[in-house]
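A closer look at the structure
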Amino acid sequence: MTADDLVRLGAEFALGAEPVDMAPEEKRTPIYTGRLVASEVQPGLRMSAADVTYVCDQIFTVEMEPALVCGIMLSGAPVETQVEGYGSFTRYPHQVSLMGINNPIRYSTPLTRGQRVRSVGFVLQPSFFDRFSQDVEDDGLFALRDLMSGGFRTAAITHSPRITEIAKRCIDHPYGGHLGKLFLESSALAYVIEAAQALKYGRRLVALLGRREYDRVIHARGILDSDLVDTPTTLELARRVGINVTTLQTNFKTAFGRTIFAHVREQRLMMARVLLQEYRLSVAEAGRKVGFSRASAFSAAYSKHFGHPPRAEFV
């Protein structure tokens, strides 16, 4: 299960009767336990935020009506989803995944007992887009709406600190009642805006780099993100995606605004933050888990990136 699955579940819980308390609430179901909040914040716009742990191993199947689904996993392992008639696709932590559907479909995702996932997502139904002009082709909303053509389509936003921050606030927000509903509505709209702009930017990169080179650099980032501790060398990575080292380095920085080394370092530090905050590992142990051989080097890198030393996470 990933963010879009949780949106579906959350909508089933929440849309029947709007909860009075709009802060994330504890839930225990046959599938998961943890905190979840879900609401239809505007006509045609549903949002869900969850911090859940799965309680069983099973294949979770969803039947989805036409919609645009967008979700981000703030933690957890890569998830592969099988879509009947369309094959499979993989979603990664910290990657915003979009799924456009214009016909009813069925898709299945494996659930692993004990796996914890923090995720936030939204579902845009066709009625949401009906309020906007159909002939505007150069705005971000068109990029989102266009995903809902062609049966089943997917896209990914590979790096968005702004969406990540919005998602974190949605899971941890303290507001209840009408203030909580207003907070979720504003956050959902901010999420939609950021996703639309990021998707539009991605299309510009495709135009700049070409589809083939863009797909290669996205593939390269996926390889890095799948194993941040034992990452391949730049030469090995270039060989795996079928491109020379210089072109890979140039295109990677153009696409993501940082070097391959800087990306790996940032992702390792983000993983370390989860290990410190959620699993309460010691500073030295968290550093070793993400590939730092010396605690001092880990502390220095962590302080530079987050603005405070790793031990501050325990305060």
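Residues numbered from 1 in each chain as written. Predicted model: local features only at pLDDT ≥ 70, side-chain atom pairs only at ≥ 80, totals over all residues. Heavy atoms only, no water.

Right, let's get into the nonpolar core. Within soluble globular proteins, side chains that are nonpolar tend to cluster in buried spots. If you look at the biggest cluster of nonpolar residues, it comprises 36 residues, and the most contacted ones within it are Val120, Leu124, Leu144 and Tyr191. With nine residues, helix H5 (residues 177-209) is the single largest residue contributor to this core. The residues touching Leu124, leaving out its near neighbours within four places in the chain, are Gly44, Leu45, Ala67, Leu68, Phe129, Leu144, Met148 and Val192. In terms of nonpolar packing, the next biggest core, distinct from the first, is built from 24 residues, Val52, Val62, Ala67 and Met73 among them. (Core = buried A, V, L, I, M, F, W, Y, C linked by side-chain atoms within 4.5 Å. Buried < 20%, exposed > 50% of the residue type's maximum accessible area, 1.4 Å probe, protein only. Helix = DSSP H or I, 4+ residues; strand = E, 2+ residues; numbered from the N terminus. Contact = heavy atoms within 4.5 Å.)

Turning our eyes to something else, we now look at helix H7 (residues 234-241). For H7, the full list of buried residues reads Leu237, Ala238 and Val241. In a view along the axis of H7, the buried residues occupy a sector of 100°, so they form one face of it. Away from its buried face, by an angle of more than 90 degrees, H7 presents the exposed residues Arg239 and Arg240. Tucked into the core, H7 has its buried residues touching helix H6 (211-226), helix H8 (245-256) and helix H9 (260-277). (Arc of directions from axis to C-beta.)

Right, let's talk about the pairing of strand S7 (residues 87-91) for a bit. In this structure, strand S6 (residues 79-83) lies alongside S7, joined through five bridges in antiparallel fashion. If you follow Val83 over to S7, its bridge partner there is Gly87. The loop that links S6 with its antiparallel partner S7 comprises three residues; one of these, Gly85, has a positive phi angle of about 90°. (Pairing = 2+ DSSP bridges.)

Turning next to the pattern of salt bridges. For the coordinates displayed, the defined rule picks out 15 salt bridges. The residue Asp172 makes a salt bridge to Arg35 at a minimum N-O spacing of 3.3 Å. Residue Asp172 is found in helix H4 (residues 161-172), and its partner Arg35 is found in strand S2 (residues 32-42); the two are separated by 137 residues along the sequence. Looking at Arg35, the relative accessible area reads 22%, which means it is partly exposed. (Salt bridge = Lys/Arg side-chain N within 4 Å of Asp/Glu carboxyl O.)

Under the defined criterion, the tally for this structure stands at nine aromatic pairs. Note on Tyr175 and Phe183: the rings are 5.2 Å apart at their centroids and 50° apart in plane angle, and the pair reads as tilted. Judged by relative accessible area, which is 33%, Tyr175 ranks as partly exposed. A relative accessible area of 16% means that Phe183 is categorised as buried. An aromatic cluster of three or more residues is present, and its members are Phe292, Phe298, Tyr302 and Phe306. Taking NZ or CZ as reference, Arg221 lies 5.4 Å from the ring centre of Phe256, over its face. (Phe/Tyr/Trp six-rings, centres within 6.5 Å; stacked < 30°, edge-to-face > 60°. Lys NZ or Arg CZ within 6 Å of the ring centre and 35° of its normal.)

A surface patch of nonpolar side chains, amounting to about 290 Å² of accessible area, comprises Tyr175, Leu179 and Leu182. Counting through the fold element by element, Leu179 comes out in helix H5. (Patch = residues over 30% accessible without salt bridge, like charges linked within 9 Å, V, L, I, M, F, W, Y side chains within 5 Å. Areas by Shrake-Rupley, 256 points an atom, 1.4 Å probe, with all protein chains shown as cover.)

Read these as spatial facts, not as claims about activity.
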